[in-house]
Amino acid sequence: MRFIMKQKNPKQIEFICPKCKTIEFIPTEIVEMLDRADQINVDTDVPPRFDCEHCPGKMVPKYYIGVKGKIYKYED
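Residue indices follow the written sequence of each chain, beginning from 1 at its first position. The predicted nature of this model means local features are confined to residues of pLDDT at least 70 and side-chain atom pairs, given and counted, to a pLDDT of 80 or more, with totals for whole chains, interfaces and linings taken over all residues. Hydrogens and water molecules were not included; the side-chain quantities draw on all heavy atoms of the structure.

**Q** Got a minute to help me understand helix α1 (residues 28-37) in this structure?
**A** At 3.6 residues per turn, the α-helix brings residues three or four places apart onto the same side. Three exposure classes are used, based on accessible area relative to the maximum for each residue type with a 1.4 Å probe and protein chains only: buried under 20%, partly exposed in between, and exposed over 50%. Only DSSP runs of H or I with at least four residues qualify as helices, and only runs of E with at least two residues qualify as strands; both kinds are numbered from the N terminus onward. Within α1, the full set of buried residues consists of Thr28, Val31, Glu32 and Asp35. Down the axis of α1, the buried side of the element spans an arc of 95 degrees, and every buried residue falls inside it. Projecting away from the buried face of α1 at angles above 90 degrees are the exposed residues Glu29 and Ala37. Structurally, α1 contributes buried residues whose contacts are with β1 (12-16), β2 (23-27), β3 (50-51) and β5 (63-65). This arc describes the spread of directions from the helix axis toward the C-beta atoms. Contacts were defined at the residue level, with two residues in contact if any of their heavy atoms lie within 4.5 Å.

Here it is in structure tokens:
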């Protein structure tokens, strides 16, 4: 049996808008920079998010390992 391990964080993180299902790729260094900044007095159960450009939704990562090691995984 062979297991495929996901890479910690590729050069870009795939984000999806749960409302309209728009997909965007955000550079990992931007996501991690904002993730580090959010560690102060912020609920770390919420992944880094971006405003969707197509609707009033918030885009979330499909799969991202946060700077503190927390795994964020979007499931429809």
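**Q** Can you help me understand the environment of Ile71 in this one?
**A** Within the element layout of this structure, Ile71 appears in strand β6 (residues 71-73). Note: C-alpha distance between Ile71 and Pro47 (24 residues apart in sequence) is 8.8 Å. Those residues in contact with Ile71 that sit more than four places away from it in its chain are Tyr63, Tyr64 and Ile65.

**Q** What is the right way to look at the packing of aromatic side chains in this model?
**A** Any aromatic ring pair is given by two values, namely how distant the centres are and how the planes are angled relative to each other. Ring geometry is summarised as follows: Phe, Tyr and Trp rings, the Trp one being its six-membered ring, pair when their centres sit within 6.5 Å, and such pairs are stacked at plane angles under 30 degrees, edge-to-face over 60 and tilted between the two. Tallied over the entire structure, the rule returns two aromatic pairs. Geometrically, the ring pair formed by Phe15 and Phe50 is edge-to-face, given 5.0 Å between the ring centres and 80 degrees between the ring planes. Linking Phe15 in strand β1 with Phe50 in strand β3, this pair joins segments that are 35 residues apart in sequence. Neither residue differs from the other here; Phe15 and Phe50 are each classed as buried. Measuring from centroid to centroid gives 6.1 Å for Tyr64 and Tyr72, while their planes differ by 10 degrees, and the two rings are stacked. Accessibility expressed as a relative area gives 0% for Tyr64, which makes it buried. Residue classification places Tyr72 among the buried positions, given a relative accessible area of 7%.

No statement about biological role is implied by the geometric values presented.
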